[in-house]
Amino acid sequence: MFFYKIKYFLKLFLINFTILYLLLYLIELGINFNNNKLFKKTRLYYLNILQEKNPNDKIYLNFGVYKLLDKSNKILLLSGYEDSKILLCLDEKNNPVYYFSDPNGFNNKINSRNDYLLVGDSYVQGMCVQNENNLNAQFKKFSYQTNSLGVGGNGPLLELATFKEYRDQYNYDHVILFITPSNDYLDLSKEIKNDILLNYLNEENFIQNLNNEKNKKIKVSILDSFFGDKAQRFLNDSLSVYHLNLKSLLNSIEDLFKNKKNLKKNFDYLFNKEIDIIFIKVLDQFINSLEKEKKKLYVVFNSVNPDILFPKSKDGQYLKNLLLNEKLNKLKNYLNNRKISYFDFNKYILNKYNEKNISTMFKRIDGHWDHYTEKGFYEISEQIHLNLLKN
């Protein structure tokens with residue numbers, strides 16, 4: 001009798017659990033359908049397919065340096081695998097975007113000479129367009145030779161470290177630093193917790209010598225350890241592709257609770273005066289180091305994403321004003337005092353575009369605003385040429 005009751009309750013539990021899971025799965029499918037993500041392939045899927053077709057070639061996923069900021073490794077990596085085929089991202093049509101990394105791990109074909117060295121985050125790296133449409137390619141249309149030190153997820157301090165570490169590997173006349181206001185303050189708030197990065201900020205001549213053979217070997221071992229068996233996790237990949245892990249539903253629940261907090265709690269780093277001071281100090285390092293070589297620094301303020309450009313709430317309007325007026329004005333005042341030329345792409349976007357046509361400039365991927373479209377990359381390059389470099 002006792003075992004019969006256990007069997008009965010177990011059966012009842014399994015039936016109810018199955019019904020609940022099926023209901024949640026239907027909600028999961030609805031969320032992904034609404035966000036145009038239904039049964040879309042992942043980067044791991046494409047990586048595994050390509051590896052099967054080319055078993056003798058080694059192909060890697062793109063690496064974000066920020067993912068190792070809280071790790072205690074012998075060195076802090078500032079780029080990904082070198083001289084390798086890299087799967088950068090999946091575009092708005094769910095097609096993979098690849099590039100072949102240069103000897104330092106960046107998305108370049110190293111030029112013998114450059115007019116400008118571009119420094120920045122994922123926009124400079126080329127997300128998420130084919131290489132014939134990224135910034136390096138767009139600047140060629142205006143007769144500029146460029147190489148780029150761009151890594152997705154980099155903030156101001158990582159960008160300074162990357163520049164100091166790898167600047168001598170490229171021949172360039174001047175530098176263009178791309179600042180992304182919607183990300184950089186958050187990124188900087190995390191970067192200042194890393195002791196190695198602080199050395200780049202506080203010690204004028206500090207570098208890790210990442211380009212020597214010993215550190216190159218350590219770099220590969222750290223990357224291999226980080227990725228581990230990620231590229232072979234077929235089960236986990238299948239759960240994501242077919243939404244069996246209910247990831248979108250769980251993320252929606254998390255966002256729901258997050259949005260109940262007030263703006264100051266969600267964006268507390270924007271109210272941290274220490275971050276503002278360190279941001280200026282980073283710019284100061286760029287300017288001073290380049291002045292010693294009689295080279296110029298140009299600064300470009302990337303556009304914030306359309307959700308911030310065209311807010312739909314009072315909090316959203318406050319955030320727009322905080323970023324585009326209060327925060328950027330502090331940086332612009334400093335640059336004016338140092339006689340540094342800059343260009344604000346936000347002003348151009350707001351003057352020329354609106355909610356109805358902004359999709360021609362920004363991509364929507366997985367239901368969210370992402371990076372510039374091919375047209376967006378062209379227009380920012382054109383405007384930099386006309387308003388910053390041509391003068």
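That block above? That's the structure.
Residues numbered from 1 in each chain as written. Predicted model: local features only at pLDDT ≥ 70, side-chain atom pairs only at ≥ 80, totals over all residues. Heavy atoms only, no water.

Caption draft 1: Structural view of the packing of aromatic side chains. A complete count under the given rule lists 23 aromatic pairs for this structure. Relative to Tyr144, the ring of Tyr116 has its centre 5.6 Å away and its plane inclined at 75°; by these criteria the two rings are edge-to-face. Of the two residues, Tyr116 is situated in strand E4 (residues 114–120) and Tyr144 in the loop between helix H4 (135–140) and strand E5 (146–150); the sequence distance between them amounts to 28 residues. Tyr144 matches Tyr116 in its accessibility class, with the two residues each being buried. Each member of the aromatic cluster is reached from another via a ring pair, and the members are Tyr123, Phe343, Phe345, Tyr348, Phe362, Tyr372 and Phe377. Above the face of the Tyr172 ring, Lys295 is positioned so that its terminal group lies 3.8 Å from the ring centre. Geometry around Trp369 places Arg364 over its ring, the cationic atom sitting 4.7 Å from the centre. (Phe/Tyr/Trp six-rings, centres within 6.5 Å; stacked < 30°, edge-to-face > 60°. Helix = DSSP H or I, 4+ residues; strand = E, 2+ residues; numbered from the N terminus. Buried < 20%, exposed > 50% of the residue type's maximum accessible area, 1.4 Å probe, protein only. Lys NZ or Arg CZ within 6 Å of the ring centre and 35° of its normal.)

Caption draft 2: How the structure looks around the packing of helix H6 (residues 181–191) against helix H12 (residues 273–292). Two numbers describe how H6 lies on H12: the axes approach to 10 Å, and their chain directions differ by 95°. Here H12 runs roughly perpendicular to H6, going by the angle between their axes. Contacts between H6 and H12 involve Asp184, Tyr185, Leu188 and Ser189 from the former and Ile275, Asp276, Ile278 and Phe279 from the latter. Residue classes in the contact of H6 with H12 are distributed as five nonpolar, one polar and two charged. (Axes fitted to C-alpha atoms, helices over the stretch in contact; angles between N-to-C directions. Parallel < 35°, antiparallel > 145°, perpendicular 65-115°, else oblique. Contact = heavy atoms within 4.5 Å. Nonpolar A, V, L, I, M, F, W, Y, C, P; charged D, E, K, R; others polar.)

Caption draft 3: View of the sheet that holds strand E1 (residues 59–61). The sheet built from three strands is open, its strands ordered E1-E2-E3 with mixed pairing. For this open sheet the edge positions go to E1 and strand E3 (96–100), each flanked by a neighbour on one side alone. Taking each pair of neighbouring strands and ignoring which way they run, the sheet shows an average axis angle of 35°. Note that E1 and strand E2 (residues 85–90) share three bridges and pair parallel. When the sheet's bridge partners are listed, Leu61 is paired in E2 with Leu87. Taken strand by strand, helix H2 (residues 43–53) contacts E1, E2 and E3, and its axis lies near 145° from that of E2. (Pairing = 2+ DSSP bridges.)

Caption draft 4: View of the state of the cysteines. As enumerated under the stated definition, the model contains one disulfide in all. Sulfur-sulfur distance for the disulfide between Cys89 and Cys128 comes to 2.1 Å. On the S-S bond that ties Cys89 to Cys128, the torsion sits near 110°, and the link is right-handed. Note that Cys89 is positioned in strand E2 and Cys128 in the loop between helix H3 (122–125) and H4, a separation of 39 residues in sequence. By the burial criterion, Cys89 is buried, and Cys128 matches it. (Disulfide = S-S within 2.5 Å.)

Caption draft 5: Structural context of the side chain of Asn302. Within the secondary structure, Asn302 sits in the loop between strand E7 (297–301) and helix H13 (306–309). Side-chain polar atoms of Asn302 contact the side chain of Tyr372, separated by 2.8 Å. With sequence-adjacent residues up to four places away left out, Asn302 is seen in contact with Asp121, Tyr123, Phe178, Ile179, Thr180, Pro181, Asn346, Tyr372 and Ile380. (Polar contact = N/O pair within 3.5 Å; in protein donor to acceptor, adjacent residues only side chain to side chain.)

Caption draft 6: Spotlight on unusual backbone geometry. Put simply, Met127 and Cys128 share a cis peptide bond, and its omega is -15°. If you check the backbone angles, Asp83 has positive phi at about 45° while not being a glycine. Examined against the element boundaries, Asp83 turns out to sit in the loop between E1 and E2. Phi is positive for Asn94, close to 65°, though the residue is something other than glycine.

Caption draft 7: Spotlight on the pattern of salt bridges. Counted by the stated rule, this structure contains 17 salt bridges. With a shortest N-O distance of 2.7 Å, Asp276 and Lys327 are connected by a salt bridge. On the criterion of sequence distance, the pair formed by Asp276 in helix H12 and Lys327 in helix H14 (residues 314–337) is long-range, its members being 51 residues apart. Considered together, Asp276 and Lys327 belong to a single accessibility category, that of buried residues. One salt-bridge network, held together by shared partners, links Glu82, Lys216 and Lys219. (Salt bridge = Lys/Arg side-chain N within 4 Å of Asp/Glu carboxyl O.)

Caption draft 8: Fine view of the environment of Asn245. For Asn245, the location among the structural elements is in the loop between helix H9 (234–241) and helix H10 (247–259). Sequence-wise, Asn245 and Tyr200 are 45 residues apart; in three dimensions their C-alpha atoms are separated by 41 Å.

Caption draft 9: Looking closely at the nonpolar core. Core analysis: the biggest nonpolar cluster contains 108 residues, and Leu78, Phe139, Ile176, Phe178, Ile384 and Leu389 have the highest contact counts within it. With sequence-adjacent residues up to four places away left out, Leu78 is seen in contact with Val65, Phe106, Val151, Leu158, Ala161, Thr162, Glu165, Tyr166, Tyr200, Gln208 and Leu210. (Core = buried A, V, L, I, M, F, W, Y, C linked by side-chain atoms within 4.5 Å.)

Caption draft 10: Layout of the pairing of E4. Among the seven residues of E4, seven are classified as buried, and the element is accordingly described as predominantly covered. Inspection of the sheet shows E4 paired to E5 by five bridges, in the parallel sense. From the neighbouring strand, Leu117 faces E5, where its bridge partner is Asn147.

Caption draft 11: Summary view of a nonpolar patch on the surface. Residues Tyr4, Tyr8, Phe9 and Leu12 make up a contiguous nonpolar surface patch of roughly 460 Å² in combined accessible area. Mapped onto the fold, Phe9 is located in helix H1 (residues 2–34). (Patch = residues over 30% accessible without salt bridge, like charges linked within 9 Å, V, L, I, M, F, W, Y side chains within 5 Å. Areas by Shrake-Rupley, 256 points an atom, 1.4 Å probe, with all protein chains shown as cover.)

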